Amino acid sequence: MGEIKLTDIKKSFGSVHVLKDIDLHIKDGEFIVFVGPSGCGKSTLLRTIAGLEKVTGGEIEIDGKRVNEVTAADRGLAMVFQSYALYPHMSVRQNLAFGLENSNMPKAEVAERITEAARMLEIEPYLERRPGQLSGGQRQRVAIGRAIVRRPTAFLLDEPLSNLDAELRVSTRAELAALHARIGSTMIYVTHDQVEAMTLAHRIVVMRAGKIEQVGTPLELYNTPANRFVAGFIGAPHMNFLSAEVVEQEAGKTTLLIGGSHRLLVPISGQKLSVGDKLTVGIRPQHITLANDPGSLTVKVRLVEALGSETVIHADLNGEKLLAVVPGQRQISPGDEAHFSVAGAPLHLFDGNGLRVKDK
Amino acid sequence: MGVASRFILRRKGGKGWHWTDIVTWLWLVGGLIIMFGPAVWLVFSSFKTPAGLAEFPPSILPYVTQQATVQGYDKPLQLFEAKLPDGSTRVLAEVRRIGIMSQMVDPKTPGETIRVNINDRTPVRTLSFATENYTQPFVHFNFLRYLWNSVFVTVTATLITLIVNSMAAFALSKYEFRGRSVAMLIILATLMVPLSVIMVPLYSIISSLGLFNNLWGVILPTVATPTGVFILRQYMLTIPDELIDAARMDKASEWQIYWRIVLPLTAPALAVLAIFSVVWRWNDFLWPLIVLSRRELYTLQVGLSIYSGELNVQWHFILAMTVVTMIPVVLVFIFLQRFITTGIAGTGLK
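Residues numbered from 1 in each chain as written. Chains lettered and ligands numbered in written order. Predicted model: local features only at pLDDT ≥ 70, side-chain atom pairs only at ≥ 80, totals over all residues.

Participant: Please provide a residue-by-residue account of the overall build of chain A, values included.
Facilitator: In terms of helices and strands, chain A carries 8 helices and 20 strands. Seen through its principal axes, chain A has C-alpha atoms that stretch 75 × 45 × 35 Å. Every one of the 360 residues in chain A was classed for burial, and the buried ones make up 37%. Of the contacts made within chain A by residues no fewer than 6 positions apart, 64% connect residues no fewer than 24 positions apart. (Helix = DSSP H or I, 4+ residues; strand = E, 2+ residues; numbered from the N terminus. Buried ≥ 20, exposed ≤ 12 C-beta atoms within 10 Å, placed from the backbone. Contact = placed C-beta atoms within 7 Å.)

Participant: Explain the overall build of chain B residue by residue, including any values.
Facilitator: A tally of helices and strands in chain B yields 15 helices and 8 strands. Relative to the 2.2 N^0.38 estimate, which gives 20 Å for 350 residues, the radius of gyration of chain B is 30 Å and therefore markedly larger than a compact globule would have. Within chain B, contacts between residues separated by at least 24 positions form 65% of all contacts whose residues are at least 6 apart in sequence. (Rg over C-alpha atoms; globule rule 2.2 N^0.38 Å.)

Participant: Quick one: what's the story with the domain arrangement of chain B, residue by residue and with numbers?
Facilitator: For chain B, the assigned domains are domain 1 (2-45), domain 2 (63-127) and domain 3 (133-347). For domain 2 of chain B versus domain 3 of chain B, the distance between C-alpha centres works out to 56 Å. (Domains from an automatic or database assignment.)

Participant: Account for helix H7 (residues 195-208) of chain B, naming residues and giving values.
Facilitator: Residue and element names in this part refer to chain B. For H7, spanning 14 residues, the distance from its first C-alpha to its last is 19 Å, which sits close to the expected 20 Å at 1.5 Å a residue. A maximum bend of about 35° is found in H7 at Pro201. Positive backbone phi, at 75°, marks Gly210, one or two positions downstream of H7. (Expected span 1.5 Å × (residues − 1). Bend = angle between axes of the 7 residues up to and from the residue.)

Participant: Just give me the short version of the interface of chain B and chain A, but keep the residues and values in it.
Facilitator: Counting residues at the interface gives 14 residues for chain B, matched by 16 residues for chain A. Contributing elements (two or more residues each) for the side of chain B that touches chain A: helix H10 (241-249) and helix H11 (254-265) of chain B. Of the residues contributing to the side of chain B that touches chain A, the split by class is 8 nonpolar, 1 polar and 5 charged. (Nonpolar A, V, L, I, M, F, W, Y, C, P; charged D, E, K, R; others polar.)

Participant: Hey, could you go over the domain arrangement of chain A for me, with residue numbers and the actual values?
Facilitator: Residues and elements named next belong to chain A. Annotation of chain A at the domain level lists domain 1 (4-233) and domain 2 (240-350). Relative to domain 2, the C-alpha centre of domain 1 lies at a distance of 39 Å. The interface of domain 1 with domain 2 comprises 4 residues on the first partner and 5 residues on the second. In terms of residue class, the side of domain 1 that touches domain 2 is made up of 2 nonpolar, 1 polar and 1 charged.

Participant: Quick rundown of the pairing of strand S14 (residues 278-283) of chain A? Include the residues and the values.
Facilitator: Where strand S11 (residues 240-250) of chain A lies against S14(A), 6 bridges are found, and the strand directions are antiparallel. Directly across from A:Ala244, in S14(A), lies its bridge partner A:Leu279. (Pairing = 2+ DSSP bridges.)

Participant: I'd like a rundown of the sheet that holds strand S19 (residues 337-341) of chain A, residues and numbers included.
Facilitator: Residue and element names in this part refer to chain A. Taken in spatial order, the 5 strands make up an open sheet running S15-S19-S16-S17-S18, and their pairing is antiparallel. Looking at the sheet topology across the chains shown, the edges are occupied by strand S15 (289-290) and strand S18 (320-327). Here strand S17 (residues 310-317) runs beside S18; their pairing, made up of 8 bridges, is antiparallel. In the strand pairing of S18, Ile313 is matched with Ala324.

Participant: Before we move on, can you summarise the packing of helix H3 (residues 107-121) of chain A against helix H4 (residues 136-148) of chain A with the specific residues and values?
Facilitator: Packed helices, taken two at a time, are described by the angle their axes make and the gap between the axes. Residue and element names in this part refer to chain A. Running from amino to carboxyl end, H3 crosses H4 at an angle of 140°, the nearest separation of the two axes being 10 Å. Our classification of the angle between H3 and H4 gives oblique. Seen along the crossing, H3 lies across H4 with a hand that is right-handed. In this structure, H3 uses Ala117, Ala118, Met120 and Leu121 to contact H4, whose residues at the interface are Arg141, Ile144, Gly145 and Ile148. Its residues placed into classes, the contact of H3 with H4 shows 6 nonpolar, 1 polar and 1 charged. (Axes fitted to C-alpha atoms, helices over the stretch in contact; angles between N-to-C directions. Parallel < 35°, antiparallel > 145°, perpendicular 65-115°, else oblique. Left-handed = near helix turned anticlockwise from the far one by under 90°.)

Participant: Account for the environment of A:Val149, naming residues and giving values.
Facilitator: Residue and element names in this part refer to chain A. Turning to its location among the elements, Val149 is positioned in the loop between H4 and strand S7 (154-158). Separated by 135 residues in sequence, Val149 and Arg284 place their C-alpha atoms 43 Å apart. If we skip the residues at most four places from it in the chain, Val149 touches Leu96, Leu100, Arg113, Ile114 and Ala117.

Participant: Tell me what's going on with the packing of helix H5 (residues 143-174) of chain B against helix H9 (residues 226-237) of chain B, and back it up with residues and numbers.
Facilitator: Residue and element names in this part refer to chain B. Interhelical geometry of H5 versus H9 gives an angle of 45° and a closest axis separation of 8 Å. Taken together, the axes of H5 and H9 lie oblique to each other. The two elements H5 and H9 cross, and the hand of that crossing is right-handed. Where H5 approaches H9, its residues Thr161, Asn165, Ser166, Ala168, Ala169, Phe170, Leu172, Ser173 and Lys174 are matched on the opposing element by Gly228, Val229, Leu232, Arg233, Met236 and Leu237. Tallied by class, residues from the contact of H5 with H9 come to 8 nonpolar, 5 polar and 2 charged.

Participant: Quick rundown of the pairing of strand S5 (residues 101-106) of chain B? Include the residues and the values.
Facilitator: All names here are of chain B. One ladder, built from 5 bridges, connects strand S4 (residues 89-98) with S5; its direction is antiparallel. From the neighbouring strand, Ile98 faces S5, where its bridge partner is Met101. Joining the antiparallel neighbours S4 and S5 is a turn of 2 residues, in which Gly99 adopts a positive phi near 55°. Pairing geometry for S5 and strand S6 (residues 109-117), over 6 bridges, is antiparallel. Paired with Ser102 across the bridge in S6 is Val116. Between the end of S5 and the start of S6, which pair antiparallel, lie 2 residues.

Participant: Give a description of the nonpolar core that names residues and reports values.
Facilitator: With 120 residues, the main nonpolar core has A:Val33, A:Leu156 and A:Ile188 as its most contacted residues. Residue contributions to this core peak at 9 residues, all from helix H12 (residues 267-283) of chain B. Listed in part, the 18 residues of the second largest apolar core include B:Tyr146, B:Ile219, B:Tyr298 and B:Leu319. (Core = buried A, V, L, I, M, F, W, Y, C linked by C-beta atoms within 7 Å.)

Participant: Can you break down the sheet that holds strand S3 (residues 31-35) of chain A residue by residue, with the values?
Facilitator: Residues and elements named next belong to chain A. Strand order in the open sheet formed by 6 strands is S6-S7-S8-S3-S9-S10, with mixed pairing between adjacent strands. Edge positions in the sheet fall to strand S6 (77-80) and strand S10 (211-216), since each of these pairs with one other strand and no more. The average angle at which neighbouring strand axes cross in this sheet is 20°, direction not considered. Both strand S9 (residues 203-208) and S10 contribute to a ladder of 5 bridges, which runs antiparallel. Counted as the bridge partner of Met207 is Ile212 from S10. Packing against the sheet, H4 makes contact with S6 and S7, and its axis sits at approximately 175° to S6.

Participant: Mind laying out the environment of A:Val33, listing which residues take part and the relevant values?
Facilitator: Residues and elements named next belong to chain A. For Val33, the position within the fold is in strand S3. Linking Val33 and Gly352, residues 319 residues apart in sequence, is a C-alpha distance of 29 Å. With sequence-adjacent residues up to four places away left out, Val33 is seen in contact with Tyr189, Thr191, Ala197, Leu200, Ala201, Ile204 and Val205.

Participant: Quick one: what's the story with the environment of A:Val67, residue by residue and with numbers?
Facilitator: All names here are of chain A. On the secondary structure map, Val67 appears in the loop between strand S5 (65-66) and S6. Val67 sits in the partly exposed class, given 19 other C-beta atoms within 10 Å. For Val67 and Glu167, which are 100 residues apart along the polypeptide, the C-alpha to C-alpha distance reads 39 Å. Excluding its chain neighbours within four sequence positions, the residues that come into contact with Val67 are Ile60, Glu61, Ile62 and Arg75.

Written out as structure tokens, the structure is:
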């Protein structure tokens, strides 16, 4: 079992409040990813769950038991660190055995667990080597192995892939997902890379400045971001944000003015909205298409990035930046005028406080 | 030869002698003589007889004047190479010296006495190593006892130093607590207090603890060293905190973190401190001299001092025993100098 419940967690270092009122319920076997910009408190949150940091307020429960006062060693969790934190003076085998020996496990069982983990992670050939003699990817496996042999209630992973090169990161990411499917334990994973979060998570916890901004499945966050921050954080390249003004309201329909002159009809019956309200419209770059229709948005192209399979167009709409990712290769160059169409694109409306304007 | 001479004679720019080459040579050769000269003199002099030591002008190598037993004379006579008035040179034995004239006999024809001006004779000398300088103290003095005391003091003090200092360093580097910097500062500040200042209070403490005339009285006051705490703390600061967190997650107790993680990783700094401690304790003189007054408790350094009596100083024994005393320190340096340089570079200590 690996159910973790956080209630009203607070953490301060002196007068700096790093975590503010965190409430989260992690179900057994879930793969949860904490994501957010650096300094948002996601690593601190992980460390408080681990027991390496004491909370200033609130309650942590693991499998229904309050563990605030339980030490890191006795919480039954295992952690994989960003730097791997392998003991440099011990062989891989000793690294794996250290935690088990400390809990006075019989030698035979220690050996058995190490063999099993080594086979699972394919690190058998270098069990007798020291961490210094291993490559980054191998060290990473050993670090995960050290967590696996403990058979913990939950795995805590603190940016485990950030020290790997891009190619290895992609393959290790897939292995990690496979590993989770096989072990089935709860995993809490911290990263600042939203692609990792999207690909691995059952549920993503987006954090900013010590607060949870939104919790949801990757697609929930992608399709219905709760606020402007989440909308901008999830998805690559980032969502475009255009300032808009409500100019007309009918039953079930709202007309917005964007880019100075363009009228946009959105199917939102915003009772909260009234003519003259200032809003922000979010459009994902992938949802913009090129059009010949002069009635669409007329933009000035600033930069074109041809990636082969797709073309990234950086454009300027009446002083606002607009990014479009269009499939295929296009004959378009900086300085040109282009027509962007957002017809049929999912639009995200955010009010003056950055909160999503909900569709009724 | 080719490689060595090319290396030694390498010059700036490869051609000609630049003035910096000459300065470099003078500097290095001068440095060699200054640093190494006394050691060479000590080693060679330790093989000289008392007469050889008193000789003027002194020689580097241990020479002795050859002697011969001549019929009709009770004592062995010294042999000289004498230049005779007829221009020939013969090896003669000196019977006695009167003013500037020396009465000599030919060992082959003892009856005939030859008078030679002392300026016309030179002693027949051969290289001879007076190894009895080394063997005699072992027989006549309690050298082995002193050696054992020194080894005991050095080894025990070093072990305790390593443990006590590394524990302090561990706490001061890996635990966050109020007053950590102040504690460190106070420890470092004691570097400014010389032994001579605290000698009297230290003596009264030792004496009231009943450790006077006890080797533990020599050992215990020396085991907590600010230098050691500083070296180890600086080194431990470089051990990533994540390792300690990892060990905590691995159910390691604080003692296990110290003993199984931090201590092995501090090995280079521990080696440096061990070397320092061995050298300090081995060469200690003043404090053991104060604490120990019974001969059988003397350490080597104190033991050596008793060779210089009030009326006569047995230099030959002192020199020989000094060489013996130096050997462990030299060995420690030869084998562990790698650690000293890397360890000192690592801790930023000079």
